[in-house]
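Inside the fold
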Amino acid sequence: MACFIIGAGSFYGLPVSVQRTDMVIAADGGLKHMESLGVTPNAIIGDFDSLNYIPTGAEVFPVEKDDTDMIRAVKEGFDRGEREFHLLGGMGGHRTDHTVANMQTLAYIARRGGQGWLYGNGERFTAICDGGEITLTAGQNSVFSVFCLGADAEGVTIENAKYPLTDAVLTADFPLGVSNHFIRQAVRVAVRRGCLLIGITDKE
């Protein structure tokens, strides 16, 4: 089971097929993307400043609020027992601020025991925090980057990559982990303390 959340940003299609057991949430203008796919959402959430009308059955929040529509939808998914999140329509366009907000949302998910993926055009991001680890696979020509997300990330390990790290410290003010390479095997990334933002760019 997984939770697919589609926002109002640039949409590049579904990375994987949606199964009957999956939850699908439209975040504001993401409803238009879902309608183009012929997918019926389980829930519609937002302040609807992007959609410009309130759909029937929607859960409406005020425009002036702390939560973005995307993170509000993530909270809804957690409330319904979801732990795997696929965030679409959350990158691109002219709202880089929302792209950054959605990358922070990945850390929100990770810190609460979930796994989130944010999808762009031929790229995807995830986060791990506080003792987390992940195994990454991609095409031979793909690259991946590892960034500190927040306070210094300690005990960072990158194995089976062109540029490995062992028990290193990554900071938010120097991009040491940018543009690493796969070398015909799965890559393991782990962090002892702090959060890492991990991005994969498919070049094939």
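Quick caveat: nothing in here was measured; it's all calculated off a predicted structure. (Residues numbered from 1 in each chain as written. Predicted model: local features only at pLDDT ≥ 70, side-chain atom pairs only at ≥ 80, totals over all residues. Heavy atoms only, no water.)

1. Observations concerning the environment of P62
Positionally, P62 belongs in the loop between β4 (59-60) and α2 (69-79). Residue classification places P62 among the exposed residues on the basis of a relative accessible area of 52%. Put simply, P62 and N160 are 98 residues apart on the chain and 47 Å apart in space, counted from C-alpha to C-alpha. (Helix = DSSP H or I, 4+ residues; strand = E, 2+ residues; numbered from the N terminus. Buried < 20%, exposed > 50% of the residue type's maximum accessible area, 1.4 Å probe, protein only.)

2. Brief notes about the packing of aromatic side chains
This model, assessed by the stated rule, comprises two aromatic pairs. With 5.1 Å between their ring centres and 55 degrees between their planes, F144 and F182 make a pair best called tilted. With F144 in strand β9 (residues 143-148) and F182 in the loop between β12 (180-181) and β13 (187-190), this residue pair connects regions lying 38 residues apart in the sequence. If you follow R112 out to its NZ or CZ, it ends over the ring of Y108, 3.6 Å from the centre. (Phe/Tyr/Trp six-rings, centres within 6.5 Å; stacked < 30°, edge-to-face > 60°. Lys NZ or Arg CZ within 6 Å of the ring centre and 35° of its normal.)

3. Quick notes on the sheet that holds β13
Reading across from one edge, β8-β13-β10-β11 is the order of the four strands in this open sheet, with antiparallel pairing throughout. Edge positions in the open sheet fall to β8 (133-136) and β11 (165-170), since each of these has one partner strand only. Each neighbouring strand pair of the sheet contributes to a mean axis angle of 20 degrees, computed without reference to strand direction. Pairing between β8 and β13: four bridges, direction antiparallel. Its bridge partner being in β13, I134 is matched across the sheet by V189. (Pairing = 2+ DSSP bridges. Axes fitted to C-alpha atoms, helices over the stretch in contact; angles between N-to-C directions.)

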